[in-house]
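What follows is the residue order along each chain.
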Amino acid sequence: MWEEYIEFSGKDKDTPYQAWHFCNNEKDANELADLTKSGIKRATASLLKSYEYENEPVPKVGDINIIINWEGEPICIIENEKVEILPFKDITKEHAEIEGEGDKSLEYWREGHLKFFGEETKDMGIEFNEDMKVVFQIFKVVYPK
C-alpha cells in the first residue's frame, strides 16, 4: 500500500510514516480501521503519558500513518490535520463526534476512554486521573481515495 500511495501522492519514497492499529483487541482494532477508511472516524485520542512512557515522539500535524487491522494488513493511510493536547476532562462533545465511535456522544467517548486509559495507566504503574493530558489527533484519509 505504501508504494501505491507514494506513486499516487507524488511524495518522496523516504517520507517517514508509522503503521499501527487502534485499540488493544481484534474486534475494536478492525472496527475502528473500517470506520476510519469510511471517513466516519476522523480522530483518535491517546494519553500524553503513553508517549513519554514509551519514549516515542508526540504526533504532530503532517504525520502520516498506515492504519492496519489486527492481522497487520493495511486498511488506509491517514495524515494528521490538527493535534491538540488537552486535559481528559476538557474533551468536548465535538471531539467525541469527530472521533466517530459508538453513538458519537461524549458519554460514550468518556466511558470507553476511561476504561482504556485506566488499563493503560495501570500497566504503566500509575493511576489515571481526568487532569491527565490527552493527545487528540484529527486526521484525513489520504489513501485510498
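Residues numbered from 1 in each chain as written. Predicted model: local features only at pLDDT ≥ 70, side-chain atom pairs only at ≥ 80, totals over all residues. Heavy atoms only, no water.

A few points about helix 5 (residues 106–124)
- Under the 1.5 Å per step criterion, the end-to-end length of helix 5 is 26 Å for 19 residues, consistent within 8% with the ideal 27 Å.
- All buried positions along helix 5 are accounted for by Trp109, His113, Phe117, Thr121 and Met124. Along the long axis of helix 5, the arc covered by the buried residues comes to 65 degrees, so they all point the same way. Structural note: helix 5 exposes Glu107, Glu111, Lys115, Lys122 and Asp123 on the side pointing more than 90 degrees away from its buried face.
- Where helix 5 is buried, its residues contact strand 2 (43–47), helix 3 (48–54), helix 4 (93–99) and strand 5 (133–143). (Helix = DSSP H or I, 4+ residues; strand = E, 2+ residues; numbered from the N terminus. Expected span 1.5 Å × (residues − 1). Buried < 20%, exposed > 50% of the residue type's maximum accessible area, 1.4 Å probe, protein only. Arc of directions from axis to C-beta. Contact = heavy atoms within 4.5 Å.)

Describing the pattern of salt bridges
- Under the defined criterion, the tally for this structure stands at nine salt bridges.
- Asp28 is the salt-bridge partner of Lys27, the closest N and O atoms lying 4.0 Å from each other.
- By relative accessible area, Lys27 is classed as exposed at 60%.
- For Asp28, a relative accessible area of 27% gives the class partly exposed.
- Linking Lys60 and Asp63 is a salt bridge whose minimum nitrogen-to-oxygen distance equals 2.9 Å.
- One continuous salt-bridge network, built from bridges that share partners, spans Lys27, Asp28 and Glu31. (Salt bridge = Lys/Arg side-chain N within 4 Å of Asp/Glu carboxyl O.)

Notes on the environment of Phe88
- Within the element layout of this structure, Phe88 appears in the loop between strand 4 (74–87) and helix 4.
- On the basis of relative accessible area, Phe88 is assigned to the buried category, the value being 0%.
- Residues Phe88 and Glu130, spaced 42 residues apart in sequence, show a C-alpha to C-alpha distance of 5.1 Å.
- Every residue in contact with Phe88, bar those within four places of it in the chain, is listed here: Trp109, Arg110, His113, Leu114, Phe117, Phe128, Glu130, Met132 and Val134.

A closer look at the environment of Leu86
- When you line up the elements, Leu86 lands in strand 4.
- With a relative accessible area of 11%, Leu86 lands in the buried category.
- Between the C-alpha atoms of Leu86 and Val134, which are 48 residues apart in sequence, the distance is 5.4 Å.
- Setting aside residues no more than four positions away along its own chain, Leu86 makes contact with Ile91, His95, Met132, Lys133, Val134 and Phe136.

Take it as geometry only, folks, not as evidence of what the structure does.
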